[in-house]
Amino acid sequence: MLKLQFKDQRKAAIWLVDARYAIGRDKSSDIVIDEEGVSGFHAELRVEDDDRIFLTDAGSINGTFVNGKQVKARTQLRANDVIRIHRVELLLVDPKEQLKVTADDLATSLTPALQGLKASSPGAGVGGVPTGWLLRAKTGSLAGQAFAIPASGRAILGRSQNCDIIIPGTHVSRQHAELYFQSGKLHVKDLGSSNGTFVNRKKVDDAVVSPGDEVRFDTLVFQVEAPGGGVAPASGADQGDTTQFRPAVSIPEQPAPRVAAPVSRTPESTAPPVTDAGRVAATSQASAGKASSSGVASLVIAVVLLVAVAGVAFWVMR
């Protein structure tokens, strides 16, 4: 996502998140330039696919220029192009191409009277405030895009064009949150937004954030990156289960119950298996047979004795 900033810093930079921007002196314009020589409706910007920007002159009196050349037809712009509306210049900026301020850069920018002063170390901004910190979008149409925290160390975030970091979103408040450095630490402060500000899934009013932390505004999630792209594990990241468990109690192994071997049966055998009821019936029949045999023997003996007695009696009576 590109942004447009006035070279003389008369107004805050404008993130180009909408599809159309009217530029002119008229108060109804999206980008108002209240200068003599600027037409009421001077030029128009069109944004396609987030990063393709086209400029068209709207029939202005004094013309519209890009890098010193007058625009005659619809012209595609690129990062670092300079647009001139009469005497006012605007710079098209791609935050991803902005280099961090280094100690060498600071040293070369010092006036001769200040050459003896010690320049800030790499990664330090105005007043020693760290620079190079980013919010990198992880969700939605912004996924992968990085938003730099200004060297001033303070940034208002929201969907208003006047914010330092503009986030398009239906439920993102116009001024949703503030990012600022205090005692060398980055803070995020909710500005009374409708849907809240969250750090590692916890709603916060004002909290310190570290590299790797996830910051959420409405449904849009960002990851905090330190200078140099360093990302540490988020404070709420899963570090693995470190719970220690006692050894399980050892239980002696119980012998398996013995199972009787199945009775082998020849294929020719068709006799049904013998059950306990069958054994009882067979035993009863055998007992009955023995009783019957014993009764017959007793009867035979009785008849023989009777015959013998009768014979003796007959012999005596003769």
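Residues numbered from 1 in each chain as written. Predicted model: local features only at pLDDT ≥ 70, side-chain atom pairs only at ≥ 80, totals over all residues. Heavy atoms only, no water.

**Things to note about the overall build of the chain**
Thought 1: Per the secondary structure count, the chain includes 2 helices and 22 strands.
Thought 2: Classification of the 318 residues of the chain by burial places 33% in the buried group.
Thought 3: Considering only intrachain contacts with a sequence separation of at least 6, the fraction spanning at least 24 residues in the chain is 37%.
Thought 4: For the chain, the computed accessible surface area is about 20,600 Å², with 55% contributed by carbon and sulfur atoms. (Helix = DSSP H or I, 4+ residues; strand = E, 2+ residues; numbered from the N terminus. Buried < 20%, exposed > 50% of the residue type's maximum accessible area, 1.4 Å probe, protein only. Contact = heavy atoms within 4.5 Å. Areas by Shrake-Rupley, 256 points an atom, 1.4 Å probe, with all protein chains shown as cover.)

**Remarks on the nonpolar core**
Thought 1: Of all hydrophobic cores here, the largest spans 29 residues; its most connected members are Leu-135, Ile-167, Leu-186, Val-188, Phe-217 and Phe-222.
Thought 2: For this core, the secondary structure elements donating two or more residues are β12 (134-137), β14 (154-158), β15 (165-166), β16 (177-182), β17 (185-190), β20 (206-209), β21 (214-217) and β22 (220-225).
Thought 3: The next biggest cluster of nonpolar side chains, apart from the first, holds 23 residues, and it includes Leu-16, Tyr-21, Leu-77 and Val-88. (Core = buried A, V, L, I, M, F, W, Y, C linked by side-chain atoms within 4.5 Å.)

**Focus: the packing of aromatic side chains**
Thought 1: Evaluated as defined, the whole model comprises 4 aromatic pairs.
Thought 2: On the basis of an interplanar angle of 75° and a centroid distance of 5.7 Å, the ring pair of Trp-133 and Phe-181 is categorised as edge-to-face. Taken together, the residues span a long stretch of sequence, with Trp-133 in the loop between α1 (103-109) and β12 and Phe-181 in strand β16 at a distance of 48 residues. Comparing Trp-133 with Phe-181 shows no difference in burial state: the two are buried. (Phe/Tyr/Trp six-rings, centres within 6.5 Å; stacked < 30°, edge-to-face > 60°.)

**Quick word on the pairing of β21**
Thought 1: Burial of β21 is one-sided: the residues Val-215 and Phe-217 facing one way are buried, the residues Glu-214 and Arg-216 facing the other way are not.
Thought 2: In this structure, strand β18 (residues 197-199) lies alongside β21, joined through 3 bridges in antiparallel fashion. For Val-199, the partnering residue across the bridge sits in β21 and is Val-215.
Thought 3: Bridge count for β21 against β22 is 4 bridges, and the pairing is antiparallel. (Pairing = 2+ DSSP bridges.)

**Concerning the sheet that holds β18**
Thought 1: Spatial strand order, β13-β12-β22-β21-β18-β19: 6 strands in an open sheet with antiparallel pairing. Two strands close off the open sheet at either side, each with one partner strand: β13 (146-148) and β19 (202-204). Averaged over all adjacent pairs, the angle separating strand axes in this sheet is 30°, with direction ignored. (Axes fitted to C-alpha atoms, helices over the stretch in contact; angles between N-to-C directions.)

**Section: the confidence of the model for the chain**
Thought 1: Confidence in the prediction for the chain averages 74 pLDDT; 64% of positions are at 70 or higher.
Thought 2: This model gives residues 232-251 a pLDDT under 50, and the stretch forms 11 contacts once residues within four places in sequence are excluded. (pLDDT = per-residue confidence, 0-100.)

**Observations regarding the environment of Val-17**
Thought 1: Mapped onto the secondary structure, Val-17 falls in the loop between β2 (14-15) and β3 (20-24).
Thought 2: For Val-17, a relative accessible area of 21% corresponds to the partly exposed category.

**So, the sheet that holds strand β1 (residues 3-6)**
Thought 1: What the 6 strands build is an open sheet, ordered β2-β1-β11-β10-β7-β8; its pairing is antiparallel. Unpaired on one side and paired on the other, β2 and β8 (69-70) mark the two borders of the sheet.
Thought 2: Bridge analysis of β1 against strand β11 (residues 88-93) gives 4 bridges, and the strand direction is antiparallel. Residue pairing across strands places Leu-4 opposite Leu-92, the latter belonging to β11.

**A word on the side chain of Ser-193**
Thought 1: Within the element layout of this structure, Ser-193 appears in the loop between β17 and β18.
Thought 2: In terms of polar contacts, Ser-193 uses its side chain to reach the side chain of Asp-190, at 2.6 Å.
Thought 3: A distance of 3.0 Å separates a polar side-chain atom of Ser-193 from the backbone nitrogen of Gly-196.
Thought 4: Excluding residues within four positions of it along the chain, Ser-193 makes contact with Ser-173 and His-176. (Polar contact = N/O pair within 3.5 Å; in protein donor to acceptor, adjacent residues only side chain to side chain.)

**Section: unusual backbone geometry**
Trans is the common state for peptide bonds, and a negative phi is the common state for residues other than glycine.
Thought 1: In this structure, Gln-9 is a non-glycine residue whose phi angle is positive, near 60°.
Thought 2: On the basis of relative accessible area, Gln-9 is assigned to the exposed category, the value being 56%.
Thought 3: The phi torsion at Asn-67 lies on the positive side, around 55°, for a residue other than glycine.
Thought 4: The residue Asn-67 is located in the loop between β7 (64-66) and β8 in this model.

**Regarding the pairing of β17**
Thought 1: As judged from the 6 bridges shared by β16 and β17, these two strands associate in the antiparallel manner. Paired with Glu-178 across the bridge in β17 is Lys-189.

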